[in-house]
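Here are the chains, one letter per residue:
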Amino acid sequence: MKKPTPLVEIAAMGRYLPDNIVTNDDLAQGMDTSDEWIFSRTGIRERRISPPEGLGAAAMGAAAARQAMQRAGIEPGEVDILILSTATPDRWLPSTACDAQALLGCTNAVAFDIMAACSGFIYGLSMAEGYLAAGRGEIALVISTEKMSSIVDWEDRTTSVLFGDGAGAAVVRLANGANRGILSSHLRSDGNLADLLNRPGGGAQHPMSQAVLDDRSYLVRMNGREIFKNAVRSMADACERALAQAGLTADDIDLLVPHQANIRIIEATAKYAGIPMDKVYVNVDRYGNMSSATVPVALDEAVEQGLIRPGSHVLIVAFGAGLTWGAMALRW
Ligand code: UT7
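Attention here is on the structure that accompanies the text.

1. Quick look at the site of the ligand
Link 1 in the chain: Near the ligand, the surroundings consist of 23 residues, among which T33, R225, H259, N262 and N289 are the closest.
Link 2 in the chain: In the model, an oxygen atom of the ligand is placed 2.9 Å from a nitrogen or oxygen of the R41 side chain.
Link 3 in the chain: Residue R157 places a main-chain N or O atom 2.9 Å away from a nitrogen atom belonging to the ligand.
Link 4 in the chain: Applying the majority rule of atoms within 2 Å of the grid points places the ligand in the largest pocket.
Link 5 in the chain: Contributions of two or more residues to the shell around the ligand are made by α2 (35-42), α6 (157-160), α8 (224-246) and α9 (263-273).
Link 6 in the chain: The element contributing the most residues to the shell around the ligand is α8, with 4 residues.
Link 7 in the chain: For the shell around the ligand, a count of residues per class yields 11 nonpolar, 7 polar and 5 charged.
Link 8 in the chain: Composition of the shell around the ligand by domain shows at least three residues from each of domain 1 (8-177) and domain 2 (182-331).

See below:
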């Protein structure tokens, strides 16, 4: 099969992680859990938490984006489109993208949020690709920023121990014939499974009320076991399709950068995709699940560590609430 020619490329990445580290032992002081349980079931040792008075979603995202723009050598005014993915908007109106735009000074950009939960970065990259490929602009900023600590139920040990805060960003531009960039993209969603991971209260259907506050339904609720099964099935399928679309096989992949929710999910996905664990980037031990920020933060770290180099074939894959999932093959 003829290899596709990339239309857009990632020019540079950036990330922001709050300084505040919360270990499993720290959590065990306030709830009935243990480092042994959390680590053996999830692979998580610690996570970063932005305190309530710390940076919010827009500011964390802007910090990651500033680093990406500096590395790409572009000025804020050059950004044509700013796509921000978050499950934790700072406020319900306007979009967090517009708040980030103001912080960054990207005054010439169209800015908007996308809500695709943990798959948000891959969705955002794909939207940027389409916009630029259609000739609507030359430079896109894709930001994923998540303050999960603000929406998890800290009285629920089955969910709160899994998540962390952080942000990642990518400067995306037209490839202009450079033989690097996005080779394939496979995105899917299934709204029939929305109730497996959601925040039932506090939105338009069940507006904030004393009842919603009392039953804590404005916070994250998850059926962990069902999510686990669906995550492995969907991500394995997405990897296969993204590889086929790119004219690649698992052996061609130099690094798999999967969504970081649980080491057992990562290992199962890699196994189904036919990629050995020494070619899989893992940082879930240090950050937990930062929803859509996991993939860009992991990509950025992998580039910094020299695990991704010019010419590397990289497969990214994610899965999350919606349900949503997707994968992309890239040549770096
Ligand atoms: O980005 C996508 C979002 N989410 C995910 O990817 C999560 C997907 N799911 C998972 O990662 C796993 O299902 C979990 C890590 C959430 C749970 O692991 P599990 O092996 O499926 O455990 P479980 O839910 O079957 O719970 C086993 C036991 C239960 O006790 P009993 O009923 O067997 O007595 C839980 O009450 O572990 C108990 N438990 C805990 N114990 C100590 C649940 N949470 C904790 C905890 N500490 N934090």
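2. Things to note about the pattern of salt bridges
Link 1 in the chain: One pass over the full model with this rule turns up 15 salt bridges.
Link 2 in the chain: A salt bridge links R173 to E9, with the shortest nitrogen-to-oxygen separation between them at 2.8 Å. You can see R173 sitting in strand β7 (residues 165-174) and its partner E9 sitting in strand β1 (residues 8-16), a full 164 residues away along the chain.
Link 3 in the chain: The network of salt bridges with shared partners includes R15, R71, R286, D300, E301 and E304.

3. Describing the packing of helix α3 (residues 57-72) against helix α4 (residues 96-104)
Link 1 in the chain: Orientation of α3 relative to α4, taken along the N-to-C sense of each, is 50 degrees, at an axis distance of 9 Å. By the angle between their directions, the pair α3 and α4 is classed as oblique. Note that α3 runs across α4; the crossing there is right-handed. Residues A57, A58, A59, A62, A65, R66 and M69 of α3 pack against T96, D99, A100, L103 and L104 of α4.

4. So, the packing of α8 against α9
Link 1 in the chain: Where α8 contacts α9, the two axes come as close as 9 Å, and the packing angle between them is 35 degrees. The element α8 and its partner α9 pack so that their crossing is right-handed. On α9, the residues that touch F228, A231, V232, M235, A236 and C239 of α8 are R264, I265, A268, T269, Y272 and A273.
Link 2 in the chain: Looking at the contact of α8 with α9, its residues break down into 10 nonpolar, 1 polar and 1 charged.

5. Digging into the packing of aromatic side chains
Link 1 in the chain: Under the defined criterion, the tally for this structure stands at 0 aromatic pairs.
Link 2 in the chain: The aromatic ring of F39 is capped on one face by R45, whose charged end is 3.6 Å from the ring centroid.

6. Side note on the layout of surface pockets
Link 1 in the chain: Empty space within the largest pocket amounts to approximately 710 Å³.
Link 2 in the chain: In terms of lining, the largest pocket is formed by 28 residues, of which the most central are T158, L162, M222, G224 and R225.
Link 3 in the chain: Of all the secondary-structure elements, those providing two or more residues to the lining of the largest pocket are α2, α6, α8, α9 and β12 (313-320).
Link 4 in the chain: Sort the elements by how many residues they give to the lining of the largest pocket and α8 lands first, with 6 residues.
Link 5 in the chain: Here the lining of the largest pocket is built from residues that sort into 14 nonpolar, 9 polar and 5 charged.
Link 6 in the chain: Here the lining of the largest pocket spans two domains, and each of domain 1 (8-177) and domain 2 (182-331) adds at least three residues to it.
Link 7 in the chain: Reported here for the second largest pocket is a volume of approximately 470 Å³.
Link 8 in the chain: If you go around the second largest pocket, you meet 21 residues; those closest to its centre are M115, L197, N198, R199 and A321.
Link 9 in the chain: Here the lining of the second largest pocket spans two domains, and each of domain 1 (8-177) and domain 2 (182-331) adds at least three residues to it.

7. Description of α9
Link 1 in the chain: The complete set of buried residues in α9 reads I263, I265, I266, T269, A270 and A273. All buried residues of α9 lie within an arc of 155 degrees about the axis, which places them on one face of the element. Opposite the buried face of α9, by more than 90 degrees, sit the exposed residues K271 and Y272.
Link 2 in the chain: Taken together, the buried residues of α9 touch α2, α8, β11 (255-258) and α10 (284-287).

8. Thoughts on the nonpolar core
Among soluble globular proteins, nonpolar side chains are generally buried collectively.
Link 1 in the chain: Core analysis: the biggest nonpolar cluster contains 46 residues, and L248, L256, I275, L315, V317 and F319 have the highest contact counts within it.
Link 2 in the chain: When residues of this core are traced back to their parent elements, those giving at least two are α8, α9, β12 and β13 (324-331).
Link 3 in the chain: At 9 residues, the largest contribution of residues to this core is made by α8.
Link 4 in the chain: Composition of this core by domain shows at least three residues from each of domain 1 (8-177) and domain 2 (182-331).
Link 5 in the chain: Core analysis: the second largest hydrophobic core is formed by 32 residues, A140, L255, A298 and L299 among them.

What counts and how
Residues numbered from 1 in each chain as written. Predicted model: local features only at pLDDT ≥ 70, side-chain atom pairs only at ≥ 80, totals over all residues. Heavy atoms only, no water. Near = heavy atom within 4 Å. Polar contact = N/O pair within 3.5 Å; in protein donor to acceptor, adjacent residues only side chain to side chain. 1 Å grid on protein atoms, 1.4 Å probe; cavity = no way out; pocket = protein on both sides within 12 Å on 5 of 7 lines; lining within 4 Å. Sits in = over half its atoms within 2 Å of the grid points. Helix = DSSP H or I, 4+ residues; strand = E, 2+ residues; numbered from the N terminus. Nonpolar A, V, L, I, M, F, W, Y, C, P; charged D, E, K, R; others polar. Domains from an automatic or database assignment. Salt bridge = Lys/Arg side-chain N within 4 Å of Asp/Glu carboxyl O. Axes fitted to C-alpha atoms, helices over the stretch in contact; angles between N-to-C directions. Parallel < 35°, antiparallel > 145°, perpendicular 65-115°, else oblique. Left-handed = near helix turned anticlockwise from the far one by under 90°. Contact = heavy atoms within 4.5 Å. Phe/Tyr/Trp six-rings, centres within 6.5 Å; stacked < 30°, edge-to-face > 60°. Lys NZ or Arg CZ within 6 Å of the ring centre and 35° of its normal. Points joined across faces, edges and corners; volume = space filled by probe spheres on them. Buried < 20%, exposed > 50% of the residue type's maximum accessible area, 1.4 Å probe, protein only. Arc of directions from axis to C-beta. Core = buried A, V, L, I, M, F, W, Y, C linked by side-chain atoms within 4.5 Å.

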